[in-house]
Amino acid sequence: MKKKDISNKRLLITAVILGFMLFITAVIGVVFFYIRLQYTRSIVSSGDDVTYSNYYVIISDKYDTDFWQSIYKGAQEEARESDAYVELMGGDLDESLTKADLLKIAINSGVDGIIVEGDDSMSTKRLLIDAEKEEIPVVTVSDDIIDSARKSYIGVSGYNMGKMYGEQVVEYVKKKKSDSINALVLIDDTLTGNSQSVIMTAIRETFIDNGMANQINLNSKVISSRRDYAAEEEIRDIFVGENEVPDVIICLSEKNTVCVCQTVVDYNKVGDVEIFGYYMSPSIQTAIEKNIIHSSVVVDTEQMGRSTVDALNEYKESGYVSGLYLIDISLADSEELTPPAEEGGGEDD
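This structure is a prediction, so every number in the text was calculated from the model and none was measured.

Enquirer: How should I be thinking about the overall build of the protein chain in this particular structure?
Expert: From N to C terminus, the protein chain includes 11 helices and 12 strands. Sorting the 349 residues of the protein chain into buried and exposed places 46% on the buried side. When contacts within the protein chain are restricted to residue pairs at least 6 apart in sequence, long-range pairs at least 24 apart make up 72% of them. When the accessible surface of the protein chain is split by element, carbon and sulfur atoms take 49% of a total near 18600 Å².

Enquirer: For this particular structure, what's the right way to read the sheet that holds strand S6 (residues 181-188)?
Expert: Hydrogen bonding along the main chain pairs the strands of a sheet, whether they run parallel or antiparallel. The strand order across the open sheet built from six strands is S7-S6-S8-S9-S10-S12, with neighbouring strands paired in mixed fashion. Of all strands in the sheet, those with a lone pairing partner are strand S7 (216-223) and strand S12 (329-333), marking the two edges. Ignoring strand direction, the axes of neighbouring strands in this sheet form an average angle of 15°. Alignment of strand S9 (residues 274-278) against strand S10 (residues 295-299), held across three bridges, turns out to be parallel. Along S10, the bridge assignment pairs Tyr278 with Val297. Those strands touched by helix H9 (residues 282-289) are S9, S10 and S12, and its axis lies near 150° from that of S10.

Enquirer: I'm lost on the pairing of S9 in this one. Help?
Expert: By the criterion of burial, S9 is predominantly enclosed, with five of the five residues buried. Burial along S9 is two-sided: the residues Glu274, Phe276 and Tyr278 and Ile275 and Gly277 are all buried. Sheet topology places strand S8 (residues 248-251) next to S9; three bridges connect them, and they run parallel. Within S9, the position partnered with Val248 by the bridge is Glu274. On the question of chirality, the crossover connecting S8 to the parallel S9 by way of helix H8 (residues 254-266) is right-handed. A crossover connection joins S9 to the parallel S10 through H9; in handedness this β-α-β unit is right-handed.

Enquirer: How should the nonpolar core be read in this particular structure?
Expert: Where a protein is soluble and globular, its nonpolar side chains tend to be buried together. In this structure, Tyr165, Val169, Ile250 and Met304 are the most contacted members of the largest nonpolar core, which totals 49 residues. Not counting residues within four places of it along the chain, the set of residues in contact with Met304 comprises Phe67, Ile71, Val141, Ser142, Ile154, Gly155, Val156, Val299 and Ile327. Among the nonpolar cores identified, the runner-up in size contains 24 residues, and Ile223, Ile235, Ile238 and Val264 belong to it.

Enquirer: Sorry, what's going on with the packing of H8 against H9 here?
Expert: When two helices pack together, their arrangement is given by the angle between the helix axes and the distance between those axes. Running from amino to carboxyl end, H8 crosses H9 at an angle of 45°, the nearest separation of the two axes being 10 Å. Considering the angle they form, H8 stands oblique to H9. Two packed elements cross with a definite hand, and for H8 against H9 that hand is left-handed. Contacts from Glu254, Thr257, Val258 and Cys261 in H8 reach Ser283, Ile284 and Ala287 in H9.

Enquirer: In this structure, what is going on with the pattern of salt bridges? I would like to understand it.
Expert: Pairs can form between side chains of opposite charge once their charged atoms are near each other. Per the counting criterion, the structure on display carries 12 salt bridges. For Glu171, the salt bridge is made with Lys175, and the minimal N-O distance between the two is 3.5 Å. One end of the pair, Glu171, and the other, Lys175, are both in helix H5 (residues 158-176), four residues apart, so they sit about a helical turn from each other. Given a relative accessible area of 35%, Glu171 falls into the partly exposed group.

Enquirer: I keep staring at the side chain of Glu78 and nothing clicks. Help me out?
Expert: With respect to the helices, strands and loops of the structure, Glu78 is situated in helix H2 (residues 66-81). Notably, Glu78 is buried but unbridged: the nearest opposite-charge side chain belongs to Arg306, and the N-O separation is 5.1 Å. If sequence neighbours within four positions are ignored, Glu78 has contacts with Arg306, Val309 and Asp310.

Calculation rules
- Residues numbered from 1 in each chain as written.
- Predicted model: local features only at pLDDT ≥ 70, side-chain atom pairs only at ≥ 80, totals over all residues.
- Heavy atoms only, no water.
- Helix = DSSP H or I, 4+ residues; strand = E, 2+ residues; numbered from the N terminus.
- Buried < 20%, exposed > 50% of the residue type's maximum accessible area, 1.4 Å probe, protein only.
- Contact = heavy atoms within 4.5 Å.
- Areas by Shrake-Rupley, 256 points an atom, 1.4 Å probe, with all protein chains shown as cover.
- Pairing = 2+ DSSP bridges.
- Axes fitted to C-alpha atoms, helices over the stretch in contact; angles between N-to-C directions.
- Right-handed = clockwise from strand over helix to strand, strands pointing away.
- Core = buried A, V, L, I, M, F, W, Y, C linked by side-chain atoms within 4.5 Å.
- Parallel < 35°, antiparallel > 145°, perpendicular 65-115°, else oblique.
- Left-handed = near helix turned anticlockwise from the far one by under 90°.
- Salt bridge = Lys/Arg side-chain N within 4 Å of Asp/Glu carboxyl O.
- Lys, Arg positive; Asp, Glu negative; His and termini not counted.

Written out as structure tokens, the structure is:
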């Protein structure tokens with residue numbers, strides 16, 4: 001009995017020590033980044049070398065993806081032309097820092113504006129209220145935060161995007177001449193409930209409008225994106241589970257598009273599963289050219305980034321800004337990406 005008590009005490013002490021070490025690591029990470037942010041702020045507002053009137057930050061859980069790097073690039077280009085400095089928060093930081101942590105740091109540092117990816121979190125809504133109290137304007141990008149203190153939303157129309165996906169599936173069914181197919185929509189868990197509902201409604205309406213509601217069995221699955229390799233594991237489960245593999249998979253994020261593409265290749269399902277993707281990264285473009293991915297919804301992410309800085313600048317200058325900036329989307333498939341054959345082609349004389 002005594003040995004068991006000693007063992008339990010040792011386990012408790014070990015757990016306490018590990019918990020304390022994790023806490024200290026997180027605190028050091030926050031303090032380090034706060035100091036770095038304050039240093040950057042001092043450079044931005046100093047009289048040495050280049051000076052800027054405004055200092056903006058971009059905050060997202062997926063800052064390292066091509067999608068967000070492109071948004072950042074567009075924001076940087078617009079900032080350079082409008083006497084502003086913009087920074088993408090998250091790089092070279094402790095991975096334990098959450099979006100809420102980064103928002104708190106940005107607010108406490110007194111930045112001039114915040115560009116943040118929307119979500120359904122109540123903590124994010126409360127932090128946007130804190131930013132408003134500090135007179136820091138916030139714009140949401142990619143996904144919105146309904147009924148929040150944000151000044152403007154910059155993103156695509158979920159309804160138009162859903163219609164675009166729906167039309168692609170309808171065209172596929174017509175070409176295949178199948179009596180019925182199973183279609184699965186993969187929803188990133190960072191996508192707000194409102195956005196999910198709008199996109200799914202638009203897809204279903206398209207099926208109904210084309211008289212195919214009974215031919216297409218539509219389902220959805222939420223895919224984790226906040227944990228390492230969670231998306232890859234959950235997508236692989238679709239192909240190895242007991243349920244039938246869907247005929248069509250619709251991806252609503254860049255990461256899910258890439259994961260599905262790789263899984264289809266790994267399980268030798270190319271041609272058996274039709275993939276409708278999202279965004280146009282180099283790897284997605286290559287997959288379309290090889291007919292692994294049928295098509296992808298293309299978002300002008302650089303325009304999105306430029307519009308975020310425009311919105312903040314407009315609000316800083318006038319105190320007013322449009323509550324909504326919709327970004328153009330288009331569709332890319334193998335036919336659009338394949339260059340036209342050169343005319344002539346005969347042998348030289």
